[in-house]
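This is what each chain is made of:
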Amino acid sequence: MHDDTYAPAVPFYDLWHEDGHVPVVRELLPPLLAEVRRSVIEIGAGTGLITELLVRVTPAEIHAVEPSLGMRSVLVSRLATDPEALRRVTVLPCGALEVEVDEPAEAVVMISVLQSFAAAERAELWRVLGRQLEPGGRLVFNWRDRDPAVPGELRVMGSYQVGRHTYEIAGQVLEAEGERVTSRFRYRIRRQGVVISEDELVTTAHWPAGDVLAAELKEAGFEPGEAPEGMQVWRMPK
């Protein structure tokens, strides 16, 4: 099973995320997994930026869930450079709603993935993830309330030099209604100012308010835990 919806974004993925949320997550996530020793499920592993962090900060076996073939290709190439990662990381070619592991996990980690799920899908997501966790297991994800999205003009969001080429990401909000936001992203590669490659994606994200998420998780049987600003921890009852 694979989903190549985001294929145009793959060459830009690490550049963009290393310049965004990943450095913050590297600081905030390890203490939230301090007691985890046996097993972690990572939802939406992408190219493995957080996967390699999990390998470093916990001795656990890691189940890296990633439906995109392009993302998985980079992920497995990253694992290939680290014998310890190859031994402990299993890559699951499925989406979050299809994940099934052999034994209940101590933790589920989900970084910058939740916005991919509409409200109706989130109800199923909480049910599936709760079923994969052992009693007392924790669900850890990054989240913060955002200002309402406003449609606007296309603007450059990031520009990165790779050898003689410039990789440029631009974006704009096309529509915003409630928690649903539809955006356009343009991925360009320039050589000496001339565009030599250009792709576009139109994606829909869902940004529920924190109190909405809390109500959903409590309804699904999760209990809130302590977490720093920007992160959330929810546990299954023991």
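Residues numbered from 1 in each chain as written. Predicted model: local features only at pLDDT ≥ 70, side-chain atom pairs only at ≥ 80, totals over all residues. Heavy atoms only, no water.

**Some words on the layout of surface pockets**
No. 1: Roughly 220 Å³ of internal volume is contained in the second largest pocket.
No. 2: Asp147, Pro148, Ala149, Gly178 and Trp207 are, among the 15 residues lining the second largest pocket, the residues nearest its centre.
No. 3: Along the lines of polarity and charge, the residues of the lining of the second largest pocket split into eight nonpolar, one polar and six charged. (1 Å grid on protein atoms, 1.4 Å probe; cavity = no way out; pocket = protein on both sides within 12 Å on 5 of 7 lines; lining within 4 Å. Points joined across faces, edges and corners; volume = space filled by probe spheres on them. Nonpolar A, V, L, I, M, F, W, Y, C, P; charged D, E, K, R; others polar.)

**A few points about helix α2 (residues 22-32)**
Side chains that are three or four residues apart share a direction in an α-helix, a result of its 3.6 residues per turn.
No. 1: Where α2 is concerned, the buried positions are Val22, Val25, Leu29 and Leu32. Burial along α2 is one-sided: seen end-on, the buried residues are contained in an arc of 75°. Those residues of α2 that are exposed and angled more than 90 degrees off the buried face are Glu27 and Pro31.
No. 2: The elements touched by buried residues of α2 are α1 (10-18), α3 (49-57), β4 (105-110), β5 (133-142) and β11 (231-235). (Buried < 20%, exposed > 50% of the residue type's maximum accessible area, 1.4 Å probe, protein only. Helix = DSSP H or I, 4+ residues; strand = E, 2+ residues; numbered from the N terminus. Arc of directions from axis to C-beta. Contact = heavy atoms within 4.5 Å.)

**Some words on the packing of aromatic side chains**
No. 1: A complete count under the given rule lists four aromatic pairs for this structure.
No. 2: Three or more aromatic residues joined by ring pairs make a cluster, and in this case those are Phe12, Tyr167 and Tyr187. (Phe/Tyr/Trp six-rings, centres within 6.5 Å; stacked < 30°, edge-to-face > 60°.)

**Concerning the pattern of salt bridges**
No. 1: Counted by the stated rule, this structure contains 17 salt bridges.
No. 2: Two residues, Arg78 and Asp14, come together in a salt bridge whose shortest N-O distance is 2.5 Å. Remark: Asp14 occurs in helix α1 and Arg78 occurs in helix α4 (residues 69-79); sequence separation between them is 64 residues.
No. 3: According to the relative accessible area criterion, Asp14 is partly exposed, its value standing at 24%.
No. 4: A salt bridge links Glu168 to Arg190, with the nearest nitrogen and oxygen atoms 3.4 Å apart. Of this pair, Glu168 sits in strand β7 (residues 165-177) while Arg190 sits in strand β8 (residues 180-191), placing them 22 residues apart in sequence. (Salt bridge = Lys/Arg side-chain N within 4 Å of Asp/Glu carboxyl O.)

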